[in-house]
Amino acid sequence: MGLAYNVYLNAKKIYGCKNCKTHLADHDEIISRNFRGQHGKAYLFNSVVNIQQGEAGERNMTTGRHVVRDIACRQCREVVGWKYDRAYESTEKYKEGKYILEQELLCLVS
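Our subject in this report is the structure included herewith.

Reading the values: rules and limits
- Residues numbered from 1 in each chain as written.
- Predicted model: local features only at pLDDT ≥ 70, side-chain atom pairs only at ≥ 80, totals over all residues.
- Heavy atoms only, no water.
- Phe/Tyr/Trp six-rings, centres within 6.5 Å; stacked < 30°, edge-to-face > 60°.
- Helix = DSSP H or I, 4+ residues; strand = E, 2+ residues; numbered from the N terminus.
- Buried < 20%, exposed > 50% of the residue type's maximum accessible area, 1.4 Å probe, protein only.

What follows covers the packing of aromatic side chains. In this description, a pair of aromatic rings is defined by centroid distance and the angle of the planes. Per the stated rule, a full pass over the model turns up 4 aromatic pairs. Relative to F45, the ring of Y15 lies with its centre 5.9 Å away and its plane at 75°, an arrangement referred to as edge-to-face. Of this pair, Y15 sits in strand β1 (residues 14-17) while F45 sits in strand β4 (residues 40-45), and the two are 30 residues apart along the sequence. For Y15, a relative accessible area of 6% puts it in the buried group. Among the residues examined, F45 registers a relative accessible area of 0% and is labelled buried. Pairing Y43 with F45 gives two aromatic rings, centres 6.3 Å apart and planes at 70°, and the pair type is edge-to-face.

All right, on to unusual backbone geometry then. Backbone phi values are negative for most residues with the exception of glycine, while trans is the configuration of most peptide bonds. For N50, which is not a glycine, the phi torsion comes out positive at approximately 55°. Along the chain, the position of N50 falls in the loop between β4 and β5 (51-53). In this model, R77 sits at a positive phi of 70°, which is unusual for a non-glycine residue. With respect to the helices and strands, the residue R77 is situated in the loop between β7 (64-73) and β8 (79-87).

Such coordinate-based values are descriptive only and should not be taken to indicate function.
What follows is the structure in structure tokens.
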């Protein structure tokens, strides 16, 4: 396998890893700000970059049972949120394939 290069976003407002400032997401990719994670407020994103995905597993969450996987910053390996692989409730299906980033673990990158 070759070298993995980081993706650098070109946007007005970019969220990065609080630990190492690696670009993670474009502000315009936010679907919802009405989420909570282990560290408080969290955002649902359509897409993110420069992450590594952990193993999928079932978790019981506030909105029901989901299959999710932790996502970590590719640069420093800090867990920054999770990805929804599957939602069992029909009202939660819109989350499938989307990403949660926790606000406390993010910083604005200029």
